[in-house]
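A look at the structure
Next come the chains, spelled out residue by residue.
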Number of protein chains: 2
Amino acid sequence: MATMKDVARHAGVSAATVCRVINNNVYVKPVTRERVETAMREFNYQRNVTAHAMAKRSGKTLGLLTGNLDDPFFSRMARGIEDTTRKARVQLVVCSGGHRAEQEKAGLDLLINQGCEAIVAHLPRMNEEDILRYAAHTPALVVINRYLPVIANRCVWLDNVSAAQAATNQLIQHGHRKIACITADIPIDDRTHRVEGYRKAMDIAGIPVADDWIISVPFNEHGGELAAEKLLQAGLNFTALVTFNDVMAAGIMRTFHYHQVRVPDDISLVGFDDIAWAKYLHPTLTTMHNPIEKMARRAATLALQLNAGIVGLPQHNGYCAELIPRASVKPL
Amino acid sequence: MATMKDVARHAGVSAATVCRVINNNVYVKPVTRERVETAMREFNYQRNVTAHAMAKRSGKTLGLLTGNLDDPFFSRMARGIEDTTRKARVQLVVCSGGHRAEQEKAGLDLLINQGCEAIVAHLPRMNEEDILRYAAHTPALVVINRYLPVIANRCVWLDNVSAAQAATNQLIQHGHRKIACITADIPIDDRTHRVEGYRKAMDIAGIPVADDWIISVPFNEHGGELAAEKLLQAGLNFTALVTFNDVMAAGIMRTFHYHQVRVPDDISLVGFDDIAWAKYLHPTLTTMHNPIEKMARRAATLALQLNAGIVGLPQHNGYCAELIPRASVKPL
DNA sequence: TTGTATGCGTTATCAC
DNA sequence: GTGATAACGCATACAA
């Protein structure tokens, strides 16, 4: 790889001049500029990113701490981020937190240590105190999918309460009253808020919620299957379910189908996220559209701006989910 | 961030000694080592990765050029890579090629220019000549999902011919003869080889294949829907279909379902890839399991080894797909 | 308008 | 065993 020195020597100028040509803002005589540019082309000069980062004490990279790349929800998130970074021509460094506090910490440490200044992090498990410490230390850290009042302007989040409330209302409006809430089994804000939304909707409709109406399972396909088994064993005293996400709903549907429980004839179902294949399930899944790709783009842009020192007005980065009615809900 | 100098001053030694302590191979008196280590802890010293890469003229990063992060197949691939890099504690840099030659080039250039030496690239569209040029210039470039004889030891690929043949045979063995092949509409090796496997199986079974038995569409959900529409318009003269991938099969099933064509009663279907949700479709999809996650891990490991100068014996990195029988195929 | 000198944080090569 | 010192490739204040 040719360096600035090579180019400089060949063009009969100093390295400083080559530098000026590259960052074409400073005064440099058109003739010399031409000479340097020719030399650069001849050598196929590419500026060494490492050295550049070294001298500027800052590199052009965005770190993404995701949950798990092999999950339709996080895939869409990653795509949104990658889209933004590719267009901005900044390097995207990825690592995953695996929904475990320790791994989230290790991942964040890795990103920071590797020189990522702009970071978009999905941190469902890390405690608030730790996040704030990281945030204080890393000014261009943006938290996605979680709301922390102290650093609200660096969060991009979904209004989970309203979303879960809307999902539940959809069932209530179709005449359902015995509605169970199938949710996650780990203590994350998403869970808390969505259960809250569910309770709120039920409360307003005057439907009392017994403790065993809330069922906690892992938020993946298998968790859904587990929940369905539990419900079946308990006699299936419900006519409808709101679920934590679509993947879980798919698991539920699979087990129900296996046991000849028909959706939506025997039981209605509302999912969450609107992942790509929600409409390929049978029946197609009524769900809450989660605008995660848009949120991801916003988060990435925000992180990049923060890192560039662009402060701007404190924006509101809260997003709303939207109900997508499909075929998994039926009037009672 | 504290530097080596800070630590050195505080410990009353030179930076060189601190360096020796960090790369704890050289002789250094236990007492001084202790002093340095204490100072490091006090300052919470972290070695600057950029400077390290600069001095060593090589960084610990692996670049991944993927197709499209928001696709179940590539998600699984990304997961395999990320898993390997996280365990090896190397940075993972991602960018996507979007199945366009130009974007693949731009992505690869970006990765190389950003200092990635070890690279795993999915390059379905780039012409062979260009790939070989890149390969010559980047000794730790590994090509995934494509076989190039000249650099076979740096390729990790699937035996697409046998896989498509097995898929087709599954249908033939169930008595089908009028079998269409729904494939991709872009000139990539996967397409060529899978069509070849289809033809081979048909040939051996003595079934002539008319040109219009091979239908080319985009290899996504929409392409599947398009193919189904085409088939329906032509009168659906087939009893079975082999498809290019599961996502496409899902699209086909959706359109068929909409038009009251029953799978597998009216028509049988075999997918390809065995993506996570193949078993959540209705009916569950019979498909070829593509061990892409394992292949991704192999590719990442290989790239890292090549970069570390580990040559090893030339290994055979060809993988085979395996038939997963589910409910979308029925005897004629 | 251009060149010189210095620094960024490490590592490596010498001396001592 | 340990400490100067010179790279690595680029950016930049200061001279000229």
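Residues numbered from 1 in each chain as written. Chains lettered and ligands numbered in written order. Predicted model: local features only at pLDDT ≥ 70, side-chain atom pairs only at ≥ 80, totals over all residues. Heavy atoms only, no water.

Points about unusual backbone geometry
- Between Val263 of chain A and the following residue, Pro264 of chain A, the backbone shows a cis peptide bond with an omega angle of 5°.
- Mapping Pro264 of chain A onto the fold places it in the loop between helix 11 (246-258) and strand 9 (268-270).
- A positive phi angle, close to 55°, is found at Arg89 of chain B, a residue other than glycine.
- Checked against the element boundaries, Arg89 of chain B lands in the loop between helix 5 (72-88) and strand 2 (91-96).
- Assessed through its relative accessible area of 51%, Arg89 of chain B is described here as exposed. (Helix = DSSP H or I, 4+ residues; strand = E, 2+ residues; numbered from the N terminus. Buried < 20%, exposed > 50% of the residue type's maximum accessible area, 1.4 Å probe, protein only.)

Overview of the interface of chain B and chain A
- Of the residues lining the interface, 42 residues belong to chain B; the matching set on chain A comes to 42 residues.
- Where chain B abuts chain A, roughly 4,100 Å² becomes buried across the two surfaces, and 59% of that area is made up of carbon and sulfur atoms.
- Linking chain B to chain A there are zero salt bridges.
- Taken together, chain B and chain A are joined by nine residue pairs in polar contact (both at pLDDT 80 or more).
- Contributions of two or more residues to the side of chain B that touches chain A are made by helix 4 (49-56), helix 5, strand 2, helix 6 (101-113), helix 10 (221-233) and helix 11 (246-258) of chain B.
- For the side of chain B that touches chain A, a count of residues per class yields 17 nonpolar, 14 polar and 11 charged. (Contact = heavy atoms within 4.5 Å. Buried area = accessible area lost by both parts, 1.4 Å probe. Salt bridge = Lys/Arg side-chain N within 4 Å of Asp/Glu carboxyl O. Polar contact = N/O pair within 3.5 Å; in protein donor to acceptor, adjacent residues only side chain to side chain. Nonpolar A, V, L, I, M, F, W, Y, C, P; charged D, E, K, R; others polar.)

Some thoughts on the domain arrangement of chain A
Residues and elements named next belong to chain A.
- The assigned domain composition of chain A is domain 1 (4-53), domain 2 (64-155 + 292-319) and domain 3 (160-290).
- Summarising the inter-unit geometry, the C-alpha centres of domain 2 and domain 3 are found 29 Å apart.
- Taken together, the contact between domain 2 and domain 3 spans 11 residues of the former and 13 residues of the latter.
- Carbon and sulfur atoms make up 52% of the area that domain 2 and domain 3 hide from each other, which totals about 960 Å².
- In terms of surface lost to domain 3, no three residues of domain 2 exceed Pro72, Arg76 and Arg125, which account for 42% of the buried area on that side.
- Counting every contact that joins domain 2 to domain 3 gives one salt bridge.
- The closest approach of N and O atoms between Arg146 and Asp189, which form a salt bridge, is 3.8 Å.
- Along the contact surface separating domain 2 from domain 3 lie three residue pairs in polar contact (both at pLDDT 80 or more).
- Within the residue set of the side of domain 2 that touches domain 3, elements represented by two or more residues are helix 5 (72-88) and helix 12 (292-307).
- A total of three residues in the side of domain 2 that touches domain 3 trace back to one element, the largest contributor, which is helix 5. (Domains from an automatic or database assignment.)

Here's the deal with the protein's contact with DNA strand D
- What surrounds DNA strand D is a group of 26 residues, the closest being Met4, Tyr45 and His52 of chain A together with Thr17 and Arg20 of chain B.
- Within 4 Å of the protein, the contacting atoms of DNA strand D are drawn from sugar and phosphate to the extent of 63%.
- Arg47 of chain A is positioned such that a nitrogen or oxygen atom in its side chain is 3.3 Å from a phosphate oxygen of DNA strand D.
- In the model, a base oxygen of DNA strand D is placed 2.6 Å from a nitrogen or oxygen of the Arg20 of chain B side chain.
- Of all the secondary structure elements, the ones that give two or more residues to the surface near DNA strand D are helix 2 (15-22) and helix 4 (49-56) of chain A together with helix 2 (15-22) and helix 4 of chain B.
- Among the elements that take part in the surface near DNA strand D, helix 4 of chain A stands out by supplying five residues, more than any other.
- Residue composition of the surface near DNA strand D, grouped by class: 12 nonpolar, eight polar and six charged. (Near = heavy atom within 4 Å.)

Quick word on the packing of helix 6 of chain B against helix 7 (residues 128-137) of chain B
All names here are of chain B.
- At their nearest, the axes of helix 6 and helix 7 sit 12 Å apart, and the two run at 5° to each other. Between helix 6 and helix 7, the crossing angle belongs to the class labelled roughly parallel. Within the contact between the two elements, helix 6 uses Lys105, Leu108, Asp109 and Ile112 and helix 7 uses Asp130, Tyr134 and His137.
- A breakdown of the residues in the contact of helix 6 with helix 7 according to their chemical character gives three nonpolar, one polar and three charged. (Axes fitted to C-alpha atoms, helices over the stretch in contact; angles between N-to-C directions. Parallel < 35°, antiparallel > 145°, perpendicular 65-115°, else oblique.)

Digging into the pattern of salt bridges
- One pass over the full model with this rule turns up 28 salt bridges over all chains.
- Note that Arg254 of chain B and Glu225 of chain B form a salt bridge whose closest N and O atoms lie 3.1 Å from each other. Separated by 29 residues along the polypeptide, Arg254 of chain B in helix 11 and Glu225 of chain B in helix 10 bring together distant segments of the chain.
- Overlapping salt bridges bring together Glu82, Asp83, Arg86, Lys87, Glu293 and Arg297 of chain A as one network.

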